[in-house]
Amino acid sequence: VPRGGRVTCEYVLLGGVNDTETHALELARLLRGRSCKVNLIPLNPAPEIPFAAPGPADVEAFCGVLAEAGVPVSVRRPRGQDILAACGQLHLKRQRETAAAAR
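Heads up: these notes are all about the structure in this document. All of these numbers come straight from a predicted model, not from anything done at the bench.

### Describing the pattern of salt bridges
Side-chain pairs of opposite charge can arise whenever the charged atoms involved come near each other.
Turning to step 1, where the next piece is worked out: Inspection of every chain in the model, using the stated rule, returns two salt bridges.
Turning to step 2, where the next piece is worked out: Across the pair Glu-10 and Arg-76 runs a salt bridge, and its minimum N-O distance is 2.9 Å. With Glu-10 in strand 1 (residues 7-13) and Arg-76 in the loop between strand 3 (73-75) and helix 3 (89-102), this residue pair connects regions lying 66 residues apart in the sequence.
Turning to step 3, where the next piece is worked out: Measuring nitrogen to oxygen at the nearest pair gives 2.6 Å for the salt bridge that ties Glu-26 to Arg-29. One end of the pair is Glu-26 and the other is Arg-29, both in helix 1 (residues 21-31) and three residues apart, which spans about a single turn.
Turning to step 4, where the next piece is worked out: Residue Glu-26 is classed as partly exposed on the basis of its relative accessible area of 35%.
Turning to step 5, where the next piece is worked out: For Arg-29, a relative accessible area of 43% translates into the label partly exposed.

Pasting the structure below:
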C-alpha cells in the first residue's frame, strides 16, 4: 500500500457477465478491510469485442452496492464512443488500420 494512500482497483463491467448485485457484493466482500478504492469502468463496446456494455442502471446499482458496503467507488465515464476512440476502441481501430495498410 502506498504510504498514506489507498490502492485503486479497476473493475471493468461487462454487461450480463459481471455487473450484477451479486458480483458487487462479492467484490465488496473481497475488499473488506483493505485500504483501497474501486474505479468502475463500464465496457466501451466495439465490433471486435465479444461483450456488451452494461446498462446505466446496472452501473449505478453496482456502484450503490459498493458504496453501501463502505467501499469508496468512482465510475469512469466514457468519452469518444461515437467515433470509436474510447478506451480500448481506439486500439482496435488502429490495429484494423495497420492490418489494412500492410496488405
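### Here we look at helix 1
Working note: α-helix, 3.6 residues per turn, so residues spaced by three or four point in the same direction.
Turning to step 1, where the next piece is worked out: If you check which residues of helix 1 are buried, you get Ala-24, Leu-27, Ala-28 and Leu-31. Here the buried residues of helix 1 occupy an arc of 100° about the axis, which is enough to place them on one side.
Turning to step 2, where the next piece is worked out: Taken together, the buried residues of helix 1 touch strand 1, strand 2 (36-42) and helix 2 (56-68).
Turning to step 3, where the next piece is worked out: Two residues or fewer past helix 1, Gly-33 is found with a positive phi of approximately 80°.

### Some details on the pairing of strand 1
Each regular strand displays side chains that alternate between the two surfaces of the sheet.
Turning to step 1, where the next piece is worked out: For strand 1 and strand 2, the ladder comprises seven bridges, and the chain directions are parallel. Directly across from Cys-9, in strand 2, lies its bridge partner Val-38.
Turning to step 2, where the next piece is worked out: Viewed along the sheet, the connection from strand 1 through helix 1 into strand 2 turns out right-handed.

### Some points on the pairing of strand 2
Turning to step 1, where the next piece is worked out: Of all the seven residues making up strand 2, six are buried; the element is thus mostly covered by neighbouring parts of the structure.
Turning to step 2, where the next piece is worked out: Relative to strand 3, strand 2 runs parallel, the two sharing three bridges. By the bridge assignment, Asn-39 is partnered in strand 3 with Ser-74.
Turning to step 3, where the next piece is worked out: For the handedness criterion, the β-α-β arrangement of strand 2, helix 2 and strand 3 is classed as right-handed.

### Brief notes about the packing of helix 1 against helix 2
Turning to step 1, where the next piece is worked out: Contact geometry for helix 1 and helix 2: axes closest at 9 Å, N-to-C directions at 30°. Relative to helix 2, the element helix 1 lies roughly parallel. Two packed elements cross with a definite hand, and for helix 1 against helix 2 that hand is right-handed. For the pair helix 1 and helix 2, contact is made by Glu-21, His-23, Ala-24, Leu-25, Leu-27 and Ala-28 and by Phe-62, Val-65 and Leu-66, respectively.

### Re the environment of Glu-10
Turning to step 1, where the next piece is worked out: C-alpha of Glu-10 to C-alpha of Leu-40: the two residues are 30 residues apart in sequence and 6.0 Å apart in space.
Turning to step 2, where the next piece is worked out: Beyond its immediate sequence surroundings of up to four residues, Glu-10 is in contact with Asn-39, Ile-41 and Arg-76.
Turning to step 3, where the next piece is worked out: At 3.4 Å, the side chain of Glu-10 forms a polar contact with the side chain of Asn-39.

Basis of the calculations
- Residues numbered from 1 in each chain as written.
- Predicted model: local features only at pLDDT ≥ 70, side-chain atom pairs only at ≥ 80, totals over all residues.
- Heavy atoms only, no water.
- Salt bridge = Lys/Arg side-chain N within 4 Å of Asp/Glu carboxyl O.
- Helix = DSSP H or I, 4+ residues; strand = E, 2+ residues; numbered from the N terminus.
- Buried < 20%, exposed > 50% of the residue type's maximum accessible area, 1.4 Å probe, protein only.
- Arc of directions from axis to C-beta.
- Contact = heavy atoms within 4.5 Å.
- Pairing = 2+ DSSP bridges.
- Right-handed = clockwise from strand over helix to strand, strands pointing away.
- Axes fitted to C-alpha atoms, helices over the stretch in contact; angles between N-to-C directions.
- Parallel < 35°, antiparallel > 145°, perpendicular 65-115°, else oblique.
- Left-handed = near helix turned anticlockwise from the far one by under 90°.
- Polar contact = N/O pair within 3.5 Å; in protein donor to acceptor, adjacent residues only side chain to side chain.

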